[in-house]
Amino acid sequence: MAIKAGVGMSHHHNPNIAGREATEQALEKAGLDKPDFVFMFGSIGYDQHSLVRAVRETTGDAPLTGCSAEGTINGDDADESNFSVVVTAISSEELRWHHGIAPGFEDDPRAVGKRVAKDLLPHLSAETIGLFVFPDGLKDFVVPTENLIDNFFAELKENLPSERFLPLWGGGANANFDNMTLPTYQYCDDEVITDGVSYALLSGKARAGWAISHGCIPIGGERIVTRSQGNIIYEIDGKPAMEVFEEYLPKGTLTDDRDWWSYAISLSLCFKAPSYMKDEEYVVRGMPSVSMADGSITVQTEVKEGTSVWLSSRDKEKVSSGFDRMAAQIKNQLGGEKPKLVFQFECATRGKMMFRDQEKLQLLKRFRQSLDADAPWAGFYTAGEIGPVEEHNDRHLYTSVVLALS
């Protein structure tokens, strides 16, 4: 039996109606009464428990994973309002799922990584395809000095077998970048938590093809980090880091640390890409906070003294050409087989923060048509993206991660 999948979307403001409406669409498109597994992504305007309960009731309590989102994607339709939910219903005799949820992400991300690995170990086999993972993505913006997601992944990797690479796909659960104090939510069956991670292990017989592309280009020359500690950069080229970055901003722009956030969503740091990354010259990391008092900036990765960095900005043409490359790569990996299901994990900075609505929808439509216009297609706007490059599972920013199953 091949993969049968359907995707439904609702914008209704009532969570009970929205959950039921999106699920009924997904079941109808998949030709199913009850699915084997369900993915759902819901915007933050809903009461999350009511939304999940409505989906579970409509699917006959089918196993479910997912998280809250800044916006949802259904093929070439995308909605970044506070009220949108996407449900994916999947059935196949050739696929097996094991899913779970773990709380306590901010307090001890390494312990969470170890706990998830322990839960996965009995279910790993030669037929394991990969792991979907949805951690609390906003915590790395709110407490950027902790590198929560990096620490979670380090411990997860440390406690999983090393002889066979396990691809990871997904993105950080999101809320709304207009209000960073809002919690994010992670789903597992009837359980809805915040400050945690939800995950789903996929095994069985299916072919997976995936690709990754970020949308940033350098806007200045190479600079050298001359004083840093952990993920805080104090000096670049022997000058306070903020003094260097103010060269790229209108004079007098920053008078308070809080002024920085309006620039942090569009400006980022580029680092030289690792040698295993063939399609990108740079990797991108965000700068979620600054300190006007000491001139330092906080980066979403550790930065050693002597590291070369470039200030970068989002670029629409790079986003567009990146989608073209991704479609070609995925089709090549699938060996001519048509995708039966596509997942898209898209950085929230590549949505309404960058594009007008019609412009964004046209770009998504073109991408979908170049890959497969008929395949069920689901995703969400994330706070940090997760996807493998060669045999390295990386956390990405300002990036699109797309996975196709056939």
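Remember, it's a predicted structure, so these values are computed and weren't measured experimentally.

Trainee: Explanation requested: the overall build of the protein chain in the structure shown.
Mentor: When its secondary structure is counted, the protein chain shows nine helices and 27 strands. For a compact globule of 406 residues, the expected C-alpha radius of gyration is about 22 Å, and the protein chain comes in at 20 Å, within 12% of that figure. For the C-alpha atoms alone, the extent of the protein chain along its principal axes is close to 65 × 45 × 40 Å. The buried share of the protein chain, taken over its 406 residues, is 60%. Summed over all atoms, the accessible surface of the protein chain reaches about 15,900 Å², with 46% contributed by carbon and sulfur. Each charge class in the protein chain can be summarised by its mean position, and for the 40 positive and 60 negative side chains these summaries are 4 Å apart.

Trainee: Sorry, what's going on with the sheet that holds strand β13 (residues 208-214) here?
Mentor: Across a sheet, paired strands are connected by hydrogen bonds in the backbone, their directions being either parallel or antiparallel. Spatially, six strands are ordered β5-β4-β24-β23-β27-β13 in an open sheet, and the strand pairing comes out mixed. Lying at the two open borders of the sheet, with one neighbouring strand each, are β5 (77-79) and β13. Taken pair by pair, the neighbouring strands of this sheet meet at an average axis angle of 15 degrees, ignoring direction. Bridging between strand β23 (residues 341-347) and strand β27 (residues 399-405) involves six bridges; their strand directions are antiparallel. Bridge pairing in β27 places Glu346 opposite Ser400. Where helix α8 (residues 316-333) meets the sheet, it contacts β13, β23 and β27, and its direction lies at approximately 165 degrees from that of β13.

Trainee: Explain α8 to me, please; I cannot follow it from the model alone.
Mentor: Helical geometry: 3.6 residues make up each α-helical turn, so side chains three or four residues apart lie on a common side. Taking 1.5 Å per residue as the helical rise, α8 with its 18 residues ought to reach 26 Å, and the 26 Å between its terminal C-alpha atoms agrees with that figure. If you check which residues of α8 are buried, you get Lys318, Val319, Ser320, Gly322, Phe323, Met326, Ala327 and Ile330. The elements touched by buried residues of α8 are β13, β14 (216-218), β23, α9 (357-371) and β27. A positive phi of about 60 degrees marks Gly335, the residue just after α8.

Trainee: Teacher, can you tell me more about unusual backbone geometry here?
Mentor: Phi is mostly negative for residues that are not glycine, and the peptide bonds are mostly trans. One non-glycine residue, Asp61, adopts positive backbone phi at about 65 degrees. With respect to the helices and strands, the residue Asp61 is situated in the loop between α2 (48-58) and β3 (64-69). In the Ramachandran plot, Tyr398 falls in the positive-phi region, its phi being about 55 degrees despite a non-glycine side chain. Tracing the sequence through the fold places Tyr398 in the loop between β26 (392-396) and β27.

Trainee: I tried to follow the packing of helix α3 (residues 109-120) against helix α5 (residues 148-158) on my own but got confused; where do I start?
Mentor: When two helices pack together, their arrangement is captured by the angle between the axes and the distance separating the axes. Following both chains from N to C, one finds α3 and α5 inclined at 35 degrees, their axes separated by 7 Å at the closest point. When you trace α3 past α5, the crossing you get is right-handed. Here Pro109, Arg110, Val112, Gly113, Lys114, Val116, Ala117 and Leu120 of α3 lie close against α5, whose contacting residues are Leu148, Asn151, Phe152, Ala154, Glu155 and Leu156. Grouping the constituent residues of the contact of α3 with α5 by class yields nine nonpolar, two polar and three charged.

Trainee: Honestly, α9 in this entry has me stumped. Any pointers?
Mentor: For α9, which comprises 15 residues, the first-to-last C-alpha distance of 21 Å matches the rise-based estimate of 21 Å (1.5 Å per residue) to within 8%. At its buried positions, α9 is contacted by β5, α8, β23, β24 (377-382) and β27.

Trainee: Sorry if this is basic, but what is going on with the state of the cysteines here?
Mentor: Simply put, disulfide is the name for a covalent bond between the sulfur atoms of two cysteines. One pass over the structure, following the stated rule, counts zero disulfides. Lacking any disulfide linkage, Cys216 is separated from the closest cysteine sulfur, that of Cys270, by 6.1 Å. The exposure class of Cys216 is buried, given its relative accessible area of 2%. According to the relative accessible area criterion, Cys270 is buried, its value standing at 0%.

Scoring rules and cut-offs
Residues numbered from 1 in each chain as written. Predicted model: local features only at pLDDT ≥ 70, side-chain atom pairs only at ≥ 80, totals over all residues. Heavy atoms only, no water. Helix = DSSP H or I, 4+ residues; strand = E, 2+ residues; numbered from the N terminus. Rg over C-alpha atoms; globule rule 2.2 N^0.38 Å. Buried < 20%, exposed > 50% of the residue type's maximum accessible area, 1.4 Å probe, protein only. Areas by Shrake-Rupley, 256 points an atom, 1.4 Å probe, with all protein chains shown as cover. Lys, Arg positive; Asp, Glu negative; His and termini not counted. Charge placed at Lys NZ, Arg CZ, Asp CG, Glu CD. Pairing = 2+ DSSP bridges. Axes fitted to C-alpha atoms, helices over the stretch in contact; angles between N-to-C directions. Contact = heavy atoms within 4.5 Å. Expected span 1.5 Å × (residues − 1). Left-handed = near helix turned anticlockwise from the far one by under 90°. Nonpolar A, V, L, I, M, F, W, Y, C, P; charged D, E, K, R; others polar. Disulfide = S-S within 2.5 Å.

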